[in-house]
Structure formats: C-alpha cells, structure tokens
Amino acid sequence: MMCNRSHGTQLYLEVPSSCLPIVYSPVYNITFMGLEKLHPFDSGKWGKVIHFLKEEKLISDGSIVEAREATEEDLLVVHTKRYLNRLKWSLVVATITEIPPLLCLPNFLVQRRVLRPLRTQTGGTIMAGKLAVDRGWAINVGGGFHHCSSDKGGGFCAYADITLAIKFLFERVEGISRATIIDLDAHQGNGHERDFLDDRRVFIMDVYNRYIYPGDGYAKRAIKRKVELDWGTEDDEYLQKVELHSEGALNEVRPDIIVYNAGTDILDGDPLGGLAISPQGIIKRDEIVFRAARRRGIPILMVTSGGYQKKTARIIADSIINLRRQGLIGGNEDGEVAEDWILGSRASPGTVGH
C-alpha cells in the first residue's frame, strides 16, 4: 500500500513475474578515458558479473530487471539539498571517489560518467528492496555504498543507497517497519550507521577489519552486533563468526527485511581489505546469510559493495550460481521458491523454526 505523503517515484513500478529479482543496468559501469583505472576498484565488475551469469545460463537479457536512475526527488528522501548541491563541484566528487584527476574536469562530464552510474546503482538498490519484499529475495548487482550518509560521502560512495532502500520501504510498503543490516564488507559501514544512529527500527550487525578505513568511532555506536576482525583473518574463524552472529542477530530481533551488504574486499590479497578469505569462503559466507534468512522466511536484499581485485566479479557470479544450486534463490521456472519464502515471511514469529 502506498502512503499518500510519498513523492511519485519511477523506482517502484510493477515488474513482470517472468523477470528474476536480479537488478542491473549497463549504465552501472564507469568508463572514463581510463581515469577509472587510477582507483583500485574494478569499475566494470558489475557488467562482468552479468556476463558470467549469462554464460552459465542463469539469466538472459529478458529475465533481469533493468535498474532506473534515482532522481533528485528520490535522493532527497535521505540526502540533504546541501549535500546534493555539493556534488555539483568536481573537487567534491574527486575527494569522495578518490580519483584526484576528476577535479580538473567539467562537472557535467563528472555527472554523466561517474555520478549517473552511481545514481543508477542507487536506484537499483531501492528497486531491489521492493522486489525482495515481493519475491522473498533480490540482488542488486551493484550498490552497497555504505560509507555515504545523508550529508557526507566518502570511500567511493556518493549516495546512501542502503539508507534509501530502507527508508523507501518504511514509507511505502505496508508491514515493513523493522530492518536488519548485515554488513560483511571488510570496512565498517559508517554511512548507514550514522543515518540510523537513533532509529530503533534498524538493527545493524557489522563484521569488519578493525584497523582500516574509516575507523568511525561515532558511527560505531549504532552497531548492535559488532565483530571486529584482525589483519589476515582466514576462512575458519571468519565463517564461524559470520554464522554465529547472523543467527544471533536474527534471533535477537526479527526484522521484516534483511539488507545484506556482501562486499568481496574480504578476499585474500585485496589491497584495501587486509583479510585473507578464499573465494570458496566468500561463496560459503553468502550461503550462510541466505540460509539464515530463508529458514526464517525473512525477505533479503543483497548488494555487492566493495571488492578491489579483477577476480571478484567471477566470485560474485559463482556465489549467485551457488545460491541457485542450493535452492536459496529461485529461477524463472520455480515460482514456488518465492512463494515458499513469502509465505514463510508472513508467518507469525512463533511459527518459524530456527
């Protein structure tokens, strides 16, 4: 049910049942005269994930949901006008994205080649939030800009897509009044933490390398389940902690939606993450989170967040394929997976097994 006070948005349009709740647009990929190579981030990884999923016949062009760009009106649900105006300065965007040469370029180019892809990924996360509620699960192949809050960007994150997706659901979808964020990127998710610092409707679990960016002590106060990792943490310890705390978080508070920030910068060798998780460990991690959601019938929205090596696109695709093989996400031909999940999510808390 739509609330009358909400602005008209193009992000909550009906999606045909023939589409999988996997959201993507070719606009996601940032290509800009080679400048994108100055940041360690693989700014074309989203398109590569889709390429691998098509190769494996998991998706086709007609079965994915085309992301739409978030408009200024959409962004103002969370962002201040002042912050959005600051993005009209190339220096500000260069600082947020950590690509210094952008400051020398006219802002109309920066808007078109850098911010439009990020706005489209942000629209994709908002769309995927609604799809997750409708279908039981959804994956935005981009998004996860967890260092951005309502009035401040940083760490390659210019828009607060996680906060936006949750606020949209709270305002527009009946029965969605509690959310749990499970943030498993290698970095602390200080953006959504600052946004939801005093909001009791949002439970935040964050598992991150304690020694790296952003080290935001103020934002840490919003974390209800904080798991701080040491340099070089490996699979066994990591997966044990993810399982223990995911189960614990979902037993402590039963949300109406889980937003899962599935960063792949935990991968061994990542130049910024500082952890030592194997590709198989990442695939297992995603399975643990989806299984915990599925068992409880709680809708889950996954975003892909950080990951700074060329091989991360293959790992994300392999993980999505594994979720399909495990029956944790459905294909076109088996609507019963979504049906089971949605029926489960509508069951009363007392009827859900652990």
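What counts, and at which threshold
Residues numbered from 1 in each chain as written. Predicted model: local features only at pLDDT ≥ 70, side-chain atom pairs only at ≥ 80, totals over all residues. Heavy atoms only, no water. Helix = DSSP H or I, 4+ residues; strand = E, 2+ residues; numbered from the N terminus. Buried < 20%, exposed > 50% of the residue type's maximum accessible area, 1.4 Å probe, protein only. Contact = heavy atoms within 4.5 Å. Areas by Shrake-Rupley, 256 points an atom, 1.4 Å probe, with all protein chains shown as cover. 1 Å grid on protein atoms, 1.4 Å probe; cavity = no way out; pocket = protein on both sides within 12 Å on 5 of 7 lines; lining within 4 Å. Points joined across faces, edges and corners; volume = space filled by probe spheres on them. Nonpolar A, V, L, I, M, F, W, Y, C, P; charged D, E, K, R; others polar. Salt bridge = Lys/Arg side-chain N within 4 Å of Asp/Glu carboxyl O. pLDDT = per-residue confidence, 0-100.

S.K.: I would appreciate a short explanation of the overall build of the protein in the present structure.
M.R.: In terms of helices and strands, the protein carries 12 helices and 8 strands. The burial tally for the protein puts 63% of its 354 residues in the buried class. Sequence-distant contacts, at least 24 apart, represent 74% of the contacts inside the protein between residues at least 6 apart. Accessible surface, the protein: about 14,200 Å² in total, of which carbon and sulfur atoms supply 51%.

S.K.: Can you help me understand the layout of surface pockets in this one?
M.R.: If a probe the size of a water molecule is rolled over the atoms, the empty space left behind becomes visible. If you add up the space inside the second largest pocket, you get close to 230 Å³. Taken together, 16 residues form the lining of the second largest pocket, with Leu13, Glu14, Val15, Val65 and Leu131 sitting closest to its centre. Elements with a contribution of two residues or more to the lining of the second largest pocket: β2 (65-66) and α5 (107-135). With 5 residues, the top contributor of residues to the lining of the second largest pocket is α5. In terms of residue class, the lining of the second largest pocket is built from 10 nonpolar, no polar and 6 charged.

S.K.: Looking at this structure, I do not really get the pattern of salt bridges. What am I missing?
M.R.: When the charged atoms of two side chains with opposite charge come close together, those side chains can pair. Applying the stated rule across the entire model yields 19 salt bridges. Between Glu69 and Arg119 there is a salt bridge, and its shortest N-O distance comes to 2.8 Å. Linking Glu69 in the loop between β2 and α2 (72-75) with Arg119 in helix α5, this pair joins segments that are 50 residues apart in sequence. Notably, a salt bridge pairs Arg314 with Asp318, separated by 3.0 Å at the nearest N-O pair. You can see Arg314 and its partner Asp318 sitting in helix α11 (residues 312-325), 4 residues apart, about one turn around the helix. For Arg314, a relative accessible area of 27% gives the class partly exposed. Via salt bridges that share partners, Arg210, Lys220, Glu228 and Asp230 belong to a single interconnected network.

S.K.: Looking at this model, I keep getting lost on the confidence of the model for the protein. Mind explaining?
M.R.: Close inspection of predicted coordinates is inappropriate for parts of the model with low pLDDT. Taken over all residues, the pLDDT of the protein has a mean of 91, while the share at 70 or more is 89%. Below pLDDT 50 for its whole length, residues 332-337 participates in 9 contacts with residues either more than four positions away or in separate chains. In the predicted structure, residues 343-354 sits below a pLDDT of 50 and forms 18 contacts with residues beyond four places in sequence or in another chain.

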